[in-house]
Amino acid sequence: HPGEVHVEHLAPRLDGELVDGAEALGIEVRTPREASRRGGMVCFGAADPKGAMQALADRGVDVDTRPGSGIRVSPHPCMTEDECDRLLQELASVLG
């Protein structure tokens with residue numbers, strides 16, 4: 001149907017954009033490269049995940065952390081490419 005957006009295809013595409021973008025910025029990606037092996041989260045390495053999570057929260061960026069996972073991001077179909085770009089820039093700044 002014209003104008004329909006198939007949201008089930010957007011999240012994996014955003015996952016891939018985050019993985020590719022993070023690698024291009026030199027951010028450690030802990031999520032598998034292969035799309036078929038990824039779940040709903042994209043994880044990035046951080047020496048101090050809790051500190052990085054707080055620094056990102058102070059900048060208005062909502063991420064999560066779990067022991068051993070680093071920084072966890074859950075791209076969703078409502079997320080825009082601009083939001084992905086901002087997330088990557090903020091990650092690069094905080095994890096620098």
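**Things to note about the pattern of salt bridges**
Now for step 1: Applying the stated criterion across every chain yields a total of 8 salt bridges.
Now for step 2: Between Arg66 and Asp64 there is a salt bridge; the shortest N-O distance is 2.4 Å.
Now for step 3: The salt bridge partner of Arg72 is Asp64, with a shortest N-O separation of 3.4 Å.
Now for step 4: Overall, the relative accessible area of 17% leaves Arg72 in the buried class.

**Focus on the layout of surface pockets**
Now for step 1: By volume, the largest pocket amounts to about 280 Å³.
Now for step 2: Contributions of two or more residues to the lining of the largest pocket are made by strand 3 (70-73) and helix 3 (81-95).
Now for step 3: For the lining of the largest pocket, the element with the most residues is helix 3, which contributes 3 residues.
Now for step 4: Of the residues that constitute the lining of the largest pocket, the class distribution is 6 nonpolar, 3 polar and 5 charged.

**Considerations on the pairing of strand 3**
Now for step 1: Judged from the 3 bridges that link them, strand 1 (residues 42-44) and strand 3 form a sheet pairing that is antiparallel. When the sheet's bridge partners are listed, Cys43 is paired in strand 3 with Arg72.
Now for step 2: The pairing of strand 2 (residues 64-66) with strand 3 spans 3 bridges and is classified as antiparallel. Among the inter-strand pairings, Arg66 is bridged to a residue of strand 3, identified as Gly70.
Now for step 3: Connecting strand 2 to the next strand, strand 3, in antiparallel fashion are 3 residues, including Gly68 with a positive phi near 80°.

**A look at helix 3**
Now for step 1: Compared with an ideal rise of 1.5 Å per residue, which puts 15 residues at 21 Å, helix 3 spans 21 Å between its outermost C-alpha atoms and is within 8% of the ideal.
Now for step 2: Taken as a whole, helix 3 has its buried residues at Cys84, Leu87, Leu88, Glu90 and Leu91. All buried residues of helix 3 lie within an arc of 165° about the axis, which places them on one face of the element.

**What to know about the nonpolar core**
Now for step 1: Counting 20 residues, the largest nonpolar core has Leu18, Phe44, Val63, Ile71, Val73, Leu87 and Leu91 as the members making the most contacts within it.
Now for step 2: Elements with a minimum of two residues in this core: helix 1 (10-24), strand 1, helix 2 (49-58), strand 3 and helix 3.
Now for step 3: Those residues within four positions of Ile71 in sequence are excluded, and the remaining contacts are Val42, Cys43, Phe44, Ala46, Pro49, Ala52, Met53, Leu56, Val63, Asp64 and Leu91.

**So, the confidence of the model for the protein**
Now for step 1: Mean pLDDT for the protein: 82, with 84% of residues reaching 70 or above.
Now for step 2: The weakest mean pLDDT in the protein belongs to helix 1 at 78; the strongest belongs to helix 2 at 95.
Now for step 3: Below pLDDT 50 for its whole length, residues 1-11 participates in 5 contacts with residues either more than four positions away or in separate chains.

Rules used in this analysis
- Residues numbered from 1 in each chain as written.
- Predicted model: local features only at pLDDT ≥ 70, side-chain atom pairs only at ≥ 80, totals over all residues.
- Heavy atoms only, no water.
- Salt bridge = Lys/Arg side-chain N within 4 Å of Asp/Glu carboxyl O.
- Buried < 20%, exposed > 50% of the residue type's maximum accessible area, 1.4 Å probe, protein only.
- 1 Å grid on protein atoms, 1.4 Å probe; cavity = no way out; pocket = protein on both sides within 12 Å on 5 of 7 lines; lining within 4 Å.
- Points joined across faces, edges and corners; volume = space filled by probe spheres on them.
- Helix = DSSP H or I, 4+ residues; strand = E, 2+ residues; numbered from the N terminus.
- Nonpolar A, V, L, I, M, F, W, Y, C, P; charged D, E, K, R; others polar.
- Pairing = 2+ DSSP bridges.
- Expected span 1.5 Å × (residues − 1).
- Arc of directions from axis to C-beta.
- Core = buried A, V, L, I, M, F, W, Y, C linked by side-chain atoms within 4.5 Å.
- Contact = heavy atoms within 4.5 Å.
- pLDDT = per-residue confidence, 0-100.

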